[in-house]
Amino acid sequence: MPSGLVHRFAGVDGVISLAAGLPPAEAFPVTELTARTVDGQDVTLGSEGRQAYLAQQYNFNPKGYDPLLKWLRNLTVELHGVQVANAPAQGPVVVKKKEPGTAAGGPGGDTAAAVALTVAAAATPPPPPPPAEAEAVTASGAGGTGGATAAAPAGPTDAESAAVAVAVAVAATTQASPEAPVRDLVLTSGAIHAIFAIISCLTDPGDTIVVDEYTYTHALECVFLPRGLRLLPIRGDREGLDAEDLDRQLQLATAEAAAGRGACRRPRLLYTIPTGHNPTGAVMGEQRKRRILEVCEAHDLLILEDDAYYWLYYPYGGESGDNPGDVERGEAEAEAEVEKGELEGRGGSIALARGGIRVPGLEGLPPSLLHLDTCGRVIRVDTFSKLLGPGYRLGWITAPSPLAAKLANWVQASTVGPCSVTQVLVAKLLQQWGMDGFKAYVRKLQGLYASRAAMAHAAVSAHLGDLAEWQAPHAGMFMWIQIPGDLDEGALLDALVAAKVVVVPGSMFATRGLQATLGWAAAPTQPTQPQQHQQQQLEEGTRQESVETGPRGPCCLRLSFAGCPPEDFREGVVRLANVIRAALLSRGAQERG
C-alpha cells in the first residue's frame, strides 16, 4: 500500500519522492506544542527533529511512529524476553517442537500448514532500504497515504481463510524455523482498537471464541457480539481462568464441532485478561499460565492476552498482616518520589514506596503469557490507557511478524494509524524520561494503586466482613464482591441508586445466559463431573441450542477504588453495606413469612 512504499524510501539519500499525497509543512497551523508533566518537565514538539510537523502529518510507517516503535520494541525485549524485529538480538531460546504430523491451524494437516506458510511468505514484503529515524525525514523524501487510498481491512471473508490466517500466526513461527518465533509490534488507538483488529483478522461471524465466564464488557458488547461470534465461557477462580475447565470445555466443543451438530465451530482463539482481571481483579500465577499454554497447545488455540493492567501490579499492598499505619501513610505520600529498597523479588529488586508500601517495579512484574510462549501462540495487547492515561488513545499489539504485517494493514484501513500528535508526544516523553525515569514512574504508579487498594480492602473488611466475600486486590483497580443469599440483583441496584451509590452489577460482564453462548455452557459448570457423564458428553456432544439460565448464584458487584477519593470510597462502602443488610433482612422476613 502507498504508506508502506513511502516508508521504505523515507530518508534514503538521493531519493526524490513524487508519491507524497500529504499536505506540505507550510500548510500546518501549529509550529510548536508543549506539554508540562506533574513534576514540572516541559515536553516540547517543535522544529527540532521536525516533531511539530510529524505530529500533524500522516503516519509514514503502517506499524506506527518509528521512534515510539523503537522504544517499545526495546521495552518488549527487556520485559518479556522475546525476539522482536528491529530490536536488540536475543540469546538462544529453546523452542518447543511440534510432533510430526501435527499441523497448526486445525483440520487439513500438513496441507493447511503449507498453505499458511505460503500466505505468510507472500504477506512479508522484501526487506526495504534501512529507513532513517523519523526526525531525518525530509519533505522531498516523505509521503503519505492521502487517507482515501487505504486498502480495505485485511480480515478473512470465510471460515477457510480464517483458518489460514490463524495458521500463519502459529505455523510460520513454529514449523518454518527451528529458532524462537520473531514478533513485531503494531501501534493502535488503544486496547479496544487492538482487540477489534485481531478479532477482525482472525475470525469470521459464527466462529467460537473462548472467554472467561465474566469478561471485559466493552470487548464483549462492542467487538465479540457485533462480530457474530459464539461464546464458550470458562469457569474462573482466585487466579482467573481455570485451566482444567478450559481443557474440559474444549474437548466438548471439539466433539460437538466434529459431530456437525448445532452451530459450534471448533474454537481457535482464547481471550483472557491475566493481570488485574476486569471485572474480578484476579491475578493469574505463573504455573496457571503454563498450564493454560499446555492446554492451548494441545487444542491448537491462539491466545489473545489483554494485559491492560499489567503495570498496575502490587502483590504486597493490602495483604493481611500489613501494617495499617504504613498503608495510610503510603496513600498520603503516593505522589512523592519512590525510592528503591533492598527486598528480593522476581527478576530484580523490589521497590519500596515511602510510607511502607512495597511495589515490584518494572523488574518485578509477573512473567507474561507472551514471555512463557515458545511457539508464537500468544498475541499480546498492551495500552497506555492505564499507564499514562486513557485520553491518549494509544496501545500496541505484539504478534508473530507475519500476523503483525496483516494487522498493520488492517489498522491503516480503519484509522490510517493512531493519532500522530499522541504518538510523537508520548515518544518524546519516554525519550526524555529514559529507561530509569520510566521505571521510577512505574514504581510511583504502583505505589499509588497499592495504597488505594489497601485502603479499599480495609474499608470492605470493616463494613462488609459479615455480608460478602472477596479477595484483596493485587493488581488493577477493581474489587469483585460476591454476596451470598440469593439476592435479586435488580432490586439491590434500585436500592443502591436510592442510597446514591453506584456500582456495576456482575451480570453486565457475564458471558453465560446470552443468545451467543453455546448451549451446554449456558449454565455454570461444576468443579467436577462424574467420569461417565463426561465421557457421554464427549461421545454424544449436545443437541441443546436454546439458551438456559443456570441456577442463580451469589449476587456479584464490581467496585472500583481507582477513580474516587479514599474518603468517598469508604462512605460508598458504608452505604453499600447498609443496603445489603436491609436486603438480607427483607429476604429473611419473606422466607419466614
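Here the structure is a predicted model, which means the values were calculated and not measured. (Residues numbered from 1 in each chain as written. Predicted model: local features only at pLDDT ≥ 70, side-chain atom pairs only at ≥ 80, totals over all residues. Heavy atoms only, no water.)

A. Geometry of helix 6 (residues 191–202). With 12 residues, helix 6 should cover 16 Å at 1.5 Å per step; its first-to-last C-alpha distance of 16 Å lies within 8% of that length. Counting buried residues in helix 6 gives 11 out of 12 residues, a clear majority hidden from the surface. What helix 6 keeps buried is the set Ala191, Ile192, His193, Ala194, Ile195, Ala197, Ile198, Ile199, Ser200, Cys201 and Leu202. (Helix = DSSP H or I, 4+ residues; strand = E, 2+ residues; numbered from the N terminus. Expected span 1.5 Å × (residues − 1). Buried < 20%, exposed > 50% of the residue type's maximum accessible area, 1.4 Å probe, protein only.)

B. Broad picture of the pairing of strand 1 (residues 33–36). Where strand 1 meets strand 2 (residues 42–45), 4 bridges bridge the pair, whose relative direction is antiparallel. The residue bridging Ala35 from the neighbouring strand is Val43, located in strand 2. Hairpin geometry of strand 1 and strand 2 is characterised by an intervening segment of 5 residues between the two adjacent antiparallel strands and by a positive phi of about 90° at Gly40. (Pairing = 2+ DSSP bridges.)

C. Molecular detail of the confidence of the model for the chain. Mean pLDDT over the chain works out to 78, with 70% of the residues at or above the 70 mark. Note on residues 91–160: pLDDT under 50 across the span, and 142 contacts to partners over four residues away in sequence or across chains. Counting interchain partners and residues more than four positions distant, the pLDDT-below-50 stretch residues 318–354 has 79 contacts. (pLDDT = per-residue confidence, 0-100. Contact = heavy atoms within 4.5 Å.)

D. Structural context of the nonpolar core. Judged by nonpolar contacts, the single largest core of 137 residues is most densely connected at Leu68, Phe224, Leu246, Phe384, Phe438 and Leu464. Looking at which element gives the most residues to this core, the answer is helix 13 (residues 420–464), with 17 residues. Sequence-distant contacts of Phe438, defined by excluding residues within four places in its chain, comprise Trp71, Leu75, Trp311, Leu362, Leu387, Leu430 and Trp433. (Core = buried A, V, L, I, M, F, W, Y, C linked by side-chain atoms within 4.5 Å.)

E. Quick look at the sheet that holds strand 17 (residues 504–505). Read from one edge of the open sheet, 3 strands run 16-18-17, paired in antiparallel fashion. Unpaired on one side and paired on the other, strand 16 (478–483) and strand 17 mark the two borders of the sheet. Of the strands in this sheet, strand 16 and strand 18 (555–560) touch helix 13, which is tilted by about 15° from strand 16. The strands touched by helix 14 (residues 489–498) are strand 16, strand 17 and strand 18; relative to strand 18, the strand with the most contacts, the crossing angle is about 35°. (Axes fitted to C-alpha atoms, helices over the stretch in contact; angles between N-to-C directions.)

F. The arrangement of the packing of aromatic side chains in detail. Tallied over the full model, the rule gives 12 aromatic pairs. When the centroid spacing of 5.2 Å and the interplanar angle of 70° are considered together, the rings of Phe224 and Tyr271 count as edge-to-face. Of this pair, Phe224 sits in helix 7 (residues 217–224) while Tyr271 is found in strand 9 (residues 269–272), placing the two residues 47 residues apart along the sequence. Measuring from ring centre to ring centre gives 5.8 Å for Tyr310 and Trp311, while their planes differ by 75°; the resulting arrangement is edge-to-face. Judged by its relative accessible area of 1%, Trp311 falls in the buried class. An aromatic cluster of at least three residues, connected via ring pairs, comprises Trp71, Tyr310, Trp311, Phe384, Trp396 and Phe438. A cation over a ring is seen here: Arg358 above Tyr316, with NZ or CZ 4.1 Å from the ring centre. Positioned over the ring face of Phe478 is Arg558, at 3.9 Å from the centre of the ring. (Phe/Tyr/Trp six-rings, centres within 6.5 Å; stacked < 30°, edge-to-face > 60°. Lys NZ or Arg CZ within 6 Å of the ring centre and 35° of its normal.)

G. Quick look at helix 12 (residues 401–415). With 15 residues, helix 12 ought to run about 21 Å at 1.5 Å a step, and its terminal C-alpha atoms sit 21 Å apart, in line with that. Listing the buried residues of helix 12 in full gives Pro402, Leu403, Ala404, Leu407, Ala408, Trp410, Val411 and Gln412. Within two residues after helix 12, Val416 carries a phi angle of roughly 55°, on the positive side.

H. Looking closely at the environment of Glu78. Mapped onto the elements, Glu78 comes out in helix 3 (residues 66–80). For Glu78, a relative accessible area of 43% puts it in the partly exposed group. When the C-alpha positions of Glu78 and Leu362 are compared, they lie 9.7 Å apart, and in sequence the two are 284 residues distant. The residues touching Glu78, leaving out its near neighbours within four places in the chain, are Met435 and Lys439.

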